[in-house]
Amino acid sequence: MAKKPLLLDARLAGATAAIVSMGAAELLAGALRPNPGPVEAVSTRVVAYAPTWFVELGKTLFGFSDKIALLVGTAVLTTLIGALLGKLARERMGFALAGIVAMQAIGFVAMVSDDNGHAGASMFLTIAGTLLGFVVFIVLMGLITPVPKTSQDKDSDISPTNPPVRRRTFLAATGVVAASGALMGVGGNRLRDRGGDNATAAKVTFPPSPDAEKIDSLVDKANSSPVAATEQITPAVVPNEDYYRIDTSLFVPNINADDWSLTIDGLVDNPMTLTYDELVKRSTTIAPVTLSCVSNEVGGPLVGNAVWQGVPLQELLEEAGVKPEASQVASYADNWSCGFPTAALDDNRTALVAVGMNGEPLPNLHGFPARLVVSGLYGYVSATKWLRRIELTTLEDFDGFWIDKGWAKIAPVKTQARIDKPLPLEEFDSSQPIDIAGVAWAPSIGIERVEVQVDSGPWLEAELGESLGPDAWRQWRVKWEGDKGEHTVQVRATTSNGEVQTDERTAPAPNGASGRHTRRFISL
Ligand SMILES: Nc1nc2c(c(=O)[nH]1)N[C@H]1C(S)=C(S)[C@@H](COP(=O)(O)O)O[C@H]1N2
Ligand SMILES: [Mo]
């Protein structure tokens, strides 16, 4: 009969493998920056879907918002699950390895369902974490599983009941490997936090802007409005750390602004090149603009409002002297490009070559040193991050990265409203009015009205937060009172042109999702 390793040793091997597997995935997440990484993605899901009492208990005991508690909690849970897999490994190694796959798969699913722009990086770090976990698990189990004596070993002094290495060596090995796994996890988290670090960015000072005071006071008003105080509502201006991120970069560019420049050429009379300093000196325009990703599902997270600082694109194009035959503004980063019709700028909408985001130099994740921000056009046709070149061309002569991959060439942002509160199936006490709240956007046009309908009741007009202008989303809230039971709420926005958001459901491809966001909630 084959001898089994000691149960305690097997548990240690399993825990070590699980820790290394998760740690490696988290470290790669720090380097590749899918946003969020596996630990954060899973814990956000847990907090979003767990019963309220569980979340409340967690908050009181550990504080779910506390990063350290979150990491420690993850480490403890990983150790426990790993120890369980270790026990399993004594019987069936295949089942134990499947456990590692399952742990990683949960992280993967949580990551990609939050962030559909990074399936590649997420897949890569999942596979790498899984494989490393396998190797460590198999090697450690090998170290502690007794080898049966063969005929040649007859005279050797390794008895069949003895594992092939001394226990002390095994314990030392698990200690070192588990500690490096934990370090990788913590390191990955640190790396992710440093997403905005850039040596040159630290030295930038923006010129004063004539618009600064006005916009500061609007943002203050928006933040202090009663609507803004609603629980769970998305802030009027999203902090840089929380801003959605979508791009095709596996590694986040870290461009040195000192040897960076922006070229404007193509169908222009005076091709020009601007250094970073020249661009920053001219960046005196500040504008709140809501960017949205064409991949955003109705009610999805791929949308955000920030206060951008930069130079109006129209001003730069005027200087370059756009030739009449130009019909497309193409823009390029190192491995990406996009383009939109020159005609989109005819209404003199907000369009910036931006260097600042919410009062700071652009974080690396959001395009340092410079990016385009064009109000009312989806990001994939207009919002080039890590911008190197703007080329005036024709609509026929150039297709950006996503065109021909199933996405439309002309892509204005569709009017949308999102419900932030209630959360899916959130439970309320029916003895008090409940808050239904969220954000609505129609960038470059503006939001004039938001209405909600509960079940088949009348459309109720929402109270709106302070307007930050036509380019920015608007917070909204309704206080609702009604019967006990399960209810469905839907929301619709009306633009400043009087157009009511359509209820016709379309998928994100080819030119953006339409339809109305709904949520179910329970009144107890
Ligand atoms: N260089 C580069 N810029 C890019 C992209 C990209 O893949 N590469 N993606 C675009 C898309 S699809 C969107 S929605 C916005 C997202 O900008 P954010 O990550 O700052 O939110 O960036 C745009 N700019
Ligand atoms: Mo996008």
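A brief look at the structure comes next.

So, how was this worked out
- Residues numbered from 1 in each chain as written.
- Chains lettered and ligands numbered in written order.
- Predicted model: local features only at pLDDT ≥ 70, side-chain atom pairs only at ≥ 80, totals over all residues.
- Heavy atoms only, no water.
- Helix = DSSP H or I, 4+ residues; strand = E, 2+ residues; numbered from the N terminus.
- Expected span 1.5 Å × (residues − 1).
- Buried < 20%, exposed > 50% of the residue type's maximum accessible area, 1.4 Å probe, protein only.
- Pairing = 2+ DSSP bridges.
- Salt bridge = Lys/Arg side-chain N within 4 Å of Asp/Glu carboxyl O.
- Axes fitted to C-alpha atoms, helices over the stretch in contact; angles between N-to-C directions.
- Parallel < 35°, antiparallel > 145°, perpendicular 65-115°, else oblique.
- Left-handed = near helix turned anticlockwise from the far one by under 90°.

1. Topic: helix 6 (residues 119-144)
Counting along an α-helix, one turn takes 3.6 residues, and residues three or four places apart therefore face a common direction. With 26 residues, helix 6 ought to run about 38 Å at 1.5 Å a step, and its terminal C-alpha atoms sit 37 Å apart, in line with that. Residues of helix 6 that are buried: A121, S122, L125, T126, G129, T130, G133, V136, F137, L140, M141 and I144.

2. Looking at the pairing of strand 6 (residues 337-341)
Looking down a regular strand, the side chains alternate between one sheet face and the other. Burial analysis of strand 6 places five of its five residues in the buried class, which makes it a mostly covered element. Direction of pairing for strand 5 (residues 328-332) relative to strand 6: antiparallel, over a ladder of five bridges. Among the inter-strand pairings, V329 is bridged to a residue of strand 6, identified as F340. Where strand 5 hands over to strand 6, the hairpin turn is made up of four residues, counted between the paired strands.

3. A closer look at the pattern of salt bridges
Scanning the entire structure with this criterion turns up 19 salt bridges. D399 is paired through a salt bridge with K409; the nearest N and O atoms lie 2.5 Å apart. On the criterion of sequence distance, the pair formed by D399 in the loop between strand 10 (389-393) and strand 11 (416-421) and K409 in the loop between strand 10 and strand 11 is long-range, its members being 10 residues apart. Where E451 meets R492, a salt bridge forms, and the shortest distance between an N and an O atom there is 2.9 Å. Of this pair, E451 sits in strand 14 (residues 447-454) while R492 sits in strand 18 (residues 485-495), and the two are 41 residues apart along the sequence. There is no split in this pair, since E451 and R492 are both buried. Salt bridges sharing partners connect three or more residues here, namely E231, K421 and E426.

4. Notes on unusual backbone geometry
With an omega of 0°, the peptide bond between K421 and P422 qualifies as cis. Following the sequence through the fold, P422 ends up in the loop between strand 11 and strand 12 (426-428). With an omega of 5°, the peptide bond running from A509 to P510 counts as cis. With respect to the helices and strands, the residue P510 is situated in the loop between strand 18 and strand 19 (518-523). Phi angles above zero are rare outside glycine, and Q232 is one such case at about 75°. Structurally, the position occupied by Q232 is in the loop between helix 8 (212-224) and strand 1 (261-266). A relative accessible area of 32% places Q232 in the partly exposed class. Even without glycine at this site, N358 takes up a positive phi of about 50°. Mapped onto the secondary structure, N358 falls in the loop between strand 7 (351-357) and strand 8 (360-361).

5. A few points about the sheet that holds strand 14
The five strands lie next to each other as 12-19-18-14-15, forming an open sheet whose pairing is mixed. Looking along the sheet, the strands with just one partner apiece sit at the ends: strand 12 and strand 15 (460-461). In terms of strand pairing, strand 14 meets strand 15 through two bridges, oriented antiparallel. Each residue of the ladder has a partner; that of E451, found in strand 15, is E461.

6. Observations regarding the packing of helix 1 (residues 7-32) against helix 6
It is the contact of helix 1 with helix 6, at a shortest axis distance of 8 Å, that shows an interaxial angle of 155°. In this view, helix 1 runs roughly antiparallel relative to helix 6, as classed from their interaxial angle. The chirality of how helix 1 crosses helix 6 is right-handed.

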